[in-house]
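Structure at a glance
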Amino acid sequence: MRELALELTPTRRSAARVWWRRLGWACFYAGLSLGAVVMALPMVWMVTTSFKTESAVFAVPIQWVPSPFRPDNYVRAWGMANWGLYFFNSLFVATATTLLNVLFASAAGFGFAKYRFPFRGALFVLVLSTLMIPFQVIMVPLFIITRDLGWLNTYQGLIVPGAVTAFGTFMMRQFMLTIPDELMMAARIDGCGELGIFWRIMAPLARPAAAALAIFTFTGSWDSLLWPLIVTTKTGLRTLPLGLALFRSEYSTNYTAMMAASVWTTIPIVILFVLLQRHFVQGIVISGLKG
Amino acid sequence: MRVLRWTSVPRREWWGLAFVLPALAWKIGFNLIPMANAAYISLTNYDLLTAPRFVGLANYAGLATDARFKQALGNTFVYAFGRGVPLVVISLFVAWVFARTFRGKNVFRTLYFMPVIISGVVISIVWALLYDPRGMINQLLAPFGIGPVLWLTKSDSAPIAIIVMAVWQSIGFYMIIFLAGLEGVPVDFYDAATVDGANGWQRFWHITLPLIKPTTLFVLVINLINGFQAFTYQFVMTRGGPSDATNVASLLIYDTGLQYQKMGLASAMSIVLFAVIMALTLFQMRVVRADETTYA
């Protein structure tokens, strides 16, 4: 076992103390591993079960290696609902929502951070105040507004109402405040317009914050259940989480198909996470501080 | 030319308003107006088909004696605190464990974080099977002489089952926030305490905990607010059942407004929920203000 990193290096140490140390580390890793098993087991079970036969799902003892091995569960589950369309819907809605939020939250963050126009403070407080309105509180009137706009069962109904967030505006403003004004001044002297400053100077510099915001918005939209549930009644507009939730109520005992569908709903987010782990964590730290 | 620029300054500053305008319009149209509407609709009877009819505070008076609403509100409190308190304790402990250097740290941290990124619907579906009377959890408990427990179909165990799952999913999320907080604790403090002969537990209790108390309070409040907005787990796993034991406020609002078209009553429920969350938010702002050094 490796030596402890934090520990001071004493000049002399008895053999007994070394053994106690090692025992301590053994316990440390045992506890850590136990926790890791608890965290991972449900997901491992999901994946293995997606390859089982229906009768092996609740077999005693638990089958960790499915036998017989049934990859064709995926083919069967894929044929049971319009998953390709749900995938497209989720991808389209999440991407559009993300683009809108990053674009308009950045613009607003830029405006609030770098210009002095009348009522700037009051308007900023107005935007921030919406952070205190939980979605559940306004979902009924929001549904009515969306209906009055004729947006029920449309992509714009799924995308537009929740697209631009106060949190994103706040986050981008905080980041833009750290970018020196001198860059804007220099650009103006070079004949750059205000839109050009935003697009060619600020936007590239704000990329780290924009990336964190983008991932955050995308995963939030990808997971969203309640709003798609409210504004869509047509099968063709179901997003993946909604499709999956309704698939479960429709085929409540088709466990292996349900697990296969759960696996492919999860895969895109896992890929995103593996590629962009650093930004994920950054986004959480910032969101944790959003207030 | 250069001198003339100064006269054009105010005009240029209006660009700021132009940049802000779309986001502002969005927030007014899709947040503030709906909020005002919710308040207004809560004073009416409205079924989407006929025009709203003003009824004053009748909806609120009705809620005061509505057993179902009171139960939903009670369930929401139980869920928010039952999930929130263990979540703070466990994620703080896990963060404390991860705030040191050891071999394999990144792999372990990723494993603990993994449930956070998975969709709530997927988690609910998988855990509903784990909680099945024949499922993995009962199989693991069987050697201890427990069960089989009907986790999701008995009204005393269903709320607990959902809380356990909710805690499991969010440990990694709050762990990350706590880790950021722990990074702010100077290493010198630990070194000094170690020289003084303090053991790990004493260091945690007397140094770490007091120093990250603001973060702890902060995390507690934001996760309570999240808890009050619970919907997905309860909708997917139990649909509020058995016999309303997991019927939380958001689910009842959804059913009342969007299933039974009682928009006025649903809006009144929303406003009550808003008042509860608002009280927590104001409390949170006081906590944060007391801690400006950490979050400045």
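Residues numbered from 1 in each chain as written. Chains lettered and ligands numbered in written order. Predicted model: local features only at pLDDT ≥ 70, side-chain atom pairs only at ≥ 80, totals over all residues.

**With respect to the overall build of chain A**
Counting secondary structure elements, chain A contains 14 helices and zero strands. Counting helices and strands in the order they occur from the N terminus, chain A gives α-α-α-α-α-α-α-α-α-α-α-α-α-α. A compact globule built from 291 residues should have a C-alpha radius of gyration of about 19 Å, whereas chain A, at 25 Å, is more than 25% larger. A principal-axis box enclosing the C-alpha atoms of chain A has dimensions of 70 × 70 × 35 Å. Per-residue burial for chain A yields a buried fraction of 42% across its 291 residues. (Helix = DSSP H or I, 4+ residues; strand = E, 2+ residues; numbered from the N terminus. Rg over C-alpha atoms; globule rule 2.2 N^0.38 Å. Buried ≥ 20, exposed ≤ 12 C-beta atoms within 10 Å, placed from the backbone.)

**Overview of the overall build of chain B**
From N to C terminus, chain B includes 15 helices and two strands. Dimensions of chain B, computed from C-alpha atoms along their principal axes, come out at roughly 80 × 70 × 30 Å. In chain B, buried positions account for 43% of the 296 residues. Nonlocal contacts in chain B, meaning residues at least 24 apart in sequence, comprise 72% of its contacts between residues at least 6 apart. (Contact = placed C-beta atoms within 7 Å.)

**A look at the domain arrangement of chain B**
According to the domain assignment, chain B consists of domain 1 (2-41) and domain 2 (67-295). Taking only C-alpha atoms into account, the centre of domain 1 of chain B sits 37 Å from that of domain 2 of chain B. (Domains from an automatic or database assignment.)

**So, the packing of helix H4 (residues 67-98) of chain B against helix H8 (residues 158-183) of chain B**
Residues and elements named next belong to chain B. Relative orientation of the contacting elements H4 and H8 amounts to 40 degrees, with a least axis distance of 6 Å. Relative to H8, the element H4 is oriented oblique. At the point where H4 passes H8, the crossing takes the right-handed sense. (Axes fitted to C-alpha atoms, helices over the stretch in contact; angles between N-to-C directions. Parallel < 35°, antiparallel > 145°, perpendicular 65-115°, else oblique. Left-handed = near helix turned anticlockwise from the far one by under 90°.)

**Some thoughts on the interface of chain A and chain B**
Across the boundary between the two partners, chain A contributes 72 residues, which contact 72 residues of chain B. Partitioning the side of chain A that touches chain B into residue classes produces 54 nonpolar, eleven polar and seven charged. (Nonpolar A, V, L, I, M, F, W, Y, C, P; charged D, E, K, R; others polar.)

**Focus on the environment of Ala203 of chain A**
All names here are of chain A. Residue placement: Ala203 occurs in helix H9 (residues 194-205). On the basis of neighbour count, Ala203 is assigned to the partly exposed category, with 16 C-beta atoms found within 10 Å. Each C-alpha atom of the pair Ala203 and Gly283 lies 18 Å from the other, and the pair is 80 residues apart in sequence. With near-sequence residues (within four places) excluded, Ala203 lies in contact with Ser106 and Phe198.

**A few points about unusual backbone geometry**
In this model, Val60 of chain A is joined to Pro61 of chain A through a cis peptide bond whose omega is -5 degrees. Mapping Pro61 of chain A onto the fold places it in the loop between helix H1 (15-49) and helix H2 (72-80). With an omega of -10 degrees, the peptide bond running from Gly241 of chain B to Pro242 of chain B counts as cis. Positive phi values are uncommon outside glycine, yet Phe119 of chain A reaches one of about 65 degrees.

**A word on the environment of Thr48 of chain A**
Residue and element names in this part refer to chain A. Within the secondary structure, Thr48 sits in helix H1. When the C-alpha atoms of Thr48 and Ala15 are compared, they prove to be 46 Å apart, with 33 residues separating the residues in sequence. Apart from residues no more than four positions distant in its own chain, Thr48 is found in contact with Gln63, Trp64 and Pro66.

**What about the nonpolar core?**
If you look at the biggest cluster of nonpolar residues, it comprises 160 residues, and the most contacted ones within it are Val140 and Leu213 of chain A together with Ala23, Val126, Tyr174, Met175 and Met269 of chain B. In terms of residue count, the dominant contributor to this core is H8 of chain B (15 residues). Excluding anything up to four places from it in sequence, Leu213 of chain A contacts Asn101, Val102, Ala105, Gly168, Met171 and Met172 of chain A. (Core = buried A, V, L, I, M, F, W, Y, C linked by C-beta atoms within 7 Å.)

**What to know about helix H7 (residues 166-177) of chain A**
All names here are of chain A. Spanning twelve residues, H7 covers 16 Å between terminal C-alpha atoms, matching the ideal 16 Å at 1.5 Å per step. Counted residue by residue, H7 has ten buried out of twelve residues, so it is predominantly covered. Taken residue by residue, H7 has Ala166, Phe167, Gly168, Thr169, Phe170, Met171, Met172, Arg173, Phe175 and Met176 as its buried positions. (Expected span 1.5 Å × (residues − 1).)

**Some points on the environment of Met269 of chain B**
Residues and elements named next belong to chain B. Structurally, the position occupied by Met269 is in helix H14 (residues 263-289). Measuring from C-alpha to C-alpha, the distance between Met269 and Phe189 comes to 49 Å, with 80 residues separating the pair along the chain. Excluding residues that lie within four positions of it along the chain, Met269 makes contacts with Leu63, Phe69, Ala249, Leu252, Ile253 and Thr256.

**Remarks on the confidence of the model for chain B**
Residues and elements named next belong to chain B. This prediction gives chain B a mean pLDDT of 88; 93% of its residues lie at or above 70. Per-residue pLDDT stays below 50 along residues 1-6; that stretch engages in zero contacts with residues further than four places along the chain or on separate chains. Note on residues 292-296: pLDDT is under 50 here. Beyond four places in sequence and across chains, it has five contacts. Among the prediction metrics, the complex's ipTM stands at 0.87, with pTM recorded as 0.88. (pLDDT = per-residue confidence, 0-100.)

**Description of the packing of H4 of chain B against helix H11 (residues 213-228) of chain B**
Residues and elements named next belong to chain B. Contact geometry for H4 and H11: axes closest at 8 Å, N-to-C directions at 145 degrees. The handedness of the crossing between H4 and H11 is right-handed. Here H4 contributes Thr76, Tyr79, Ala80, Arg83, Gly84, Leu87, Val88 and Leu92 to the contact with H11, which in turn contributes Thr216, Val219, Leu220, Asn223, Leu224, Gly227 and Phe228. For the contact of H4 with H11, the per-class residue count stands at nine nonpolar, five polar and one charged.

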